[in-house]
Amino acid sequence: MEYRKIKDQENYEDVSQNDIESLHGKPLSGVVSNSTPSSLGGSTKSSWKLKSIVTLALTLLTSSQAILIVWSKRAGKYEYSVTTANFSVEALKCALSLVALAKIWRSQGVTEDNKLSTSFDEVSVYPIPAILYLIKNLLQYYIFAYVDAPAYQILKNLNIISTGVLYRIILKKKLSEIQWAAFILLCAGCTTAQLNPSSDHVLQTPFQGWVMAIIMALLSGFAGVYTEAIIKKRPSRNINVQNFWLYIFGMIFNLIAIIVQDYDEVMNKGFFHGYSFITVCMILNHALSGIAVSMVMKYADNIVKVYSTSVAMLLTAVVSVFLFGFHLSLAFFLGSTVVSVSIYLHSIGKPQPQK
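If you're wondering where the values come from, they're calculated on a predicted model, not measured in any experiment.

So, the packing of aromatic side chains
Phase 1 of the analysis: Tallied over the entire structure, the rule returns ten aromatic pairs.
Phase 2 of the analysis: Summarising the aromatic geometry, the rings of phenylalanine 144 and tyrosine 152 are spaced 4.9 Å apart at their centres and angled 45 degrees between planes, so their arrangement reads as tilted. In this pair, the class of phenylalanine 144 matches that of tyrosine 152, namely buried.
Phase 3 of the analysis: On the numbers, 6.3 Å between centres and 35 degrees between planes, the contact of phenylalanine 222 with tyrosine 226 is tilted.

As structure tokens, then:
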């Protein structure tokens, strides 16, 4: 589900007839012609309720991601294997995609667009984004040796810049002047949030942390752009089928990572050695976050995603004050505010189609 959010974040307004039909189970024209004022009122109320639920879920999941990773450490290190944790996340997302497909098959039957084809043309496009996400997801564990949870929430917004630039280069998508200005503001906000007035070091995050954050942003951006190209190649393909194959290859590459990096430890101590309740919560969080993003993009809109991201940054900082003794400085508050504004400007600054 993770790559779907990149596509939807850039194209949330372009909802196709097929998407609406699959959501409601009948043609759009039938819905409109049979609607009455009372039914529209009830639909609006239920839609608002659903939008509120998924927005709250996304905010809580996003804000708790970094907190759970940091909290899962013991004495400053991970007692569990991060490669097995990554594999568990991919396996859970794959299972959830398969459950969603099974539900579709029962209600709509197996069609050309929702069947699990094993042809080479179907599956050969997924290894590249899967391995990119593998590296990015492993880096998110190691970056916490250099940054705290609030700083991570700020720095990971750099993927907006990498995605936007790669869209321009690879997919030849035009960016508006407002979006370019938003990129500059985002860089300024991330830097401001990291200012450290109480130390000889100008920035709280060391050079290694910035390098890892930039690499993660580039990997996430390129994987997102690449997978959007896959989706656009066959737009009628059910998203759960595409997710299933992406997660299957994610499991394969994570299994290779386990063999290369943690084979002896897993064989001697067991696959789930060092797992705690917090570790299980972290795995569930990572698996459900992608689903929540997809639901927000399907049932709400991109502005909701913006608000969720902004609130999550502040919520992470506030919770970290109590859990990890994080110092909520004026620089961090101002920087996170600038980042929130830049995300909002980026979302509303999409170039308007030529009439």
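Focus: empty space enclosed by the protein
Phase 1 of the analysis: One pass over the structure, following the stated rule, counts two cavities of 30 Å³ or more.
Phase 2 of the analysis: If you add up the space inside the second largest cavity, you get close to 80 Å³.
Phase 3 of the analysis: Lining the second largest cavity we find twelve residues, and of these Glu90, Ala130, Tyr133, Leu246 and Tyr247 sit closest to its centre.
Phase 4 of the analysis: When contributions to the lining of the second largest cavity are tallied by element, the ones reaching two or more residues are helix 5 (82–108), helix 7 (127–142) and helix 12 (239–269).
Phase 5 of the analysis: Sorting elements by how many residues they give to the lining of the second largest cavity places helix 7 first, with five residues.

Topic: the pattern of salt bridges
Phase 1 of the analysis: Summed over all chains, the structure comprises two salt bridges.
Phase 2 of the analysis: A salt bridge links glutamate 90 to lysine 93, with the nearest nitrogen and oxygen atoms 3.5 Å apart. Of this pair, glutamate 90 and lysine 93 both sit in helix 5, three residues apart, which is roughly one turn of that helix.
Phase 3 of the analysis: For lysine 93, a relative accessible area of 9% puts it in the buried group.
Phase 4 of the analysis: Put simply, lysine 115 and glutamate 112 hold a salt bridge, and the shortest N to O gap is 3.4 Å.

Here's the deal with a nonpolar patch on the surface
Phase 1 of the analysis: A cluster of nonpolar side chains, namely Ile252, Leu255, Ile256, Ile259, Val260, Tyr263 and Met267, defines an oily patch on the protein surface of about 710 Å² accessible area.
Phase 2 of the analysis: In this structure, isoleucine 259 sits in helix 12.

Focus on the packing of helix 7 against helix 11 (residues 207–233)
Phase 1 of the analysis: Close contact between helix 7 and helix 11 brings their axes to 9 Å; oriented N to C, the two are set at 155 degrees. As summarised for this structure, helix 7 and helix 11 are arranged roughly antiparallel, according to the angle between their axes. Helix 11 is crossed by helix 7, and the crossing has left-handed handedness. Of helix 11, the residues touching helix 7 (which contributes Ile128, Pro129, Leu132, Tyr133, Ile135, Lys136, Leu139, Gln140 and Tyr142) are Met212, Ile215, Met216, Leu219, Ser220, Phe222, Ala223, Gly224, Tyr226, Thr227 and Ile230.

What to know about helix 15 (residues 330–348)
Phase 1 of the analysis: Over its 19 residues, helix 15 runs 27 Å from end to end, which matches the ideal 27 Å to within 8%, given 1.5 Å per residue.
Phase 2 of the analysis: Residues of helix 15 that are buried: Ala331, Phe332, Gly335, Ser336, Val339, Ser340, Ser342, Ile343, His346 and Ser347. One face of helix 15 carries all of its buried residues, which in axial projection span an arc of 165 degrees.

Topic: the UniProt feature "transmembrane region" (unreviewed entry) in the protein
Phase 1 of the analysis: UniProt annotation of "transmembrane region" (unreviewed entry) refers to residues 178–195, 207–231, 243–260, 272–294 and 306–324 when read in the numbering used here.
Phase 2 of the analysis: Structurally, residues 207–231 is divided into 100% helix and 0% strand, and its ends, taken at the C-alpha atoms, are 36 Å apart.
Phase 3 of the analysis: From the first C-alpha to the last, residues 243–260 spans 25 Å; its make-up is 100% helix and 0% strand.

Observations concerning the environment of tyrosine 141
Phase 1 of the analysis: As for its placement among the helices and strands, tyrosine 141 is situated in helix 7.
Phase 2 of the analysis: With 59 residues separating them along the chain, tyrosine 141 and valine 82 place their C-alpha atoms 7.3 Å apart.
Phase 3 of the analysis: Residues in contact with tyrosine 141, not counting those within four places in the same chain, are Ile69, Tyr78, Tyr80, Val82, Ala85, Asn86 and Met282.

Some thoughts on the environment of serine 289
Phase 1 of the analysis: Within the secondary structure, serine 289 sits in helix 13 (residues 277–299).
Phase 2 of the analysis: Separated by 227 residues in sequence, serine 289 and threonine 62 place their C-alpha atoms 6.8 Å apart.
Phase 3 of the analysis: With near-sequence residues (within four places) excluded, serine 289 lies in contact with Leu58, Leu61 and Gln65.
Phase 4 of the analysis: A polar side-chain atom of serine 289 sits 3.0 Å from a polar atom in the side chain of glutamine 65.
Phase 5 of the analysis: A polar contact is formed between the side chain of serine 289 and the backbone oxygen of asparagine 285, at a distance of 2.7 Å.

Procedures and definitions
- Residues numbered from 1 in each chain as written.
- Predicted model: local features only at pLDDT ≥ 70, side-chain atom pairs only at ≥ 80, totals over all residues.
- Heavy atoms only, no water.
- Phe/Tyr/Trp six-rings, centres within 6.5 Å; stacked < 30°, edge-to-face > 60°.
- Buried < 20%, exposed > 50% of the residue type's maximum accessible area, 1.4 Å probe, protein only.
- 1 Å grid on protein atoms, 1.4 Å probe; cavity = no way out; pocket = protein on both sides within 12 Å on 5 of 7 lines; lining within 4 Å.
- Points joined across faces, edges and corners; volume = space filled by probe spheres on them.
- Helix = DSSP H or I, 4+ residues; strand = E, 2+ residues; numbered from the N terminus.
- Salt bridge = Lys/Arg side-chain N within 4 Å of Asp/Glu carboxyl O.
- Patch = residues over 30% accessible without salt bridge, like charges linked within 9 Å, V, L, I, M, F, W, Y side chains within 5 Å.
- Areas by Shrake-Rupley, 256 points an atom, 1.4 Å probe, with all protein chains shown as cover.
- Axes fitted to C-alpha atoms, helices over the stretch in contact; angles between N-to-C directions.
- Parallel < 35°, antiparallel > 145°, perpendicular 65-115°, else oblique.
- Left-handed = near helix turned anticlockwise from the far one by under 90°.
- Contact = heavy atoms within 4.5 Å.
- Expected span 1.5 Å × (residues − 1).
- Arc of directions from axis to C-beta.
- UniProt positions renumbered as here; feature names shortened; annotations may be inferred.
- Polar contact = N/O pair within 3.5 Å; in protein donor to acceptor, adjacent residues only side chain to side chain.

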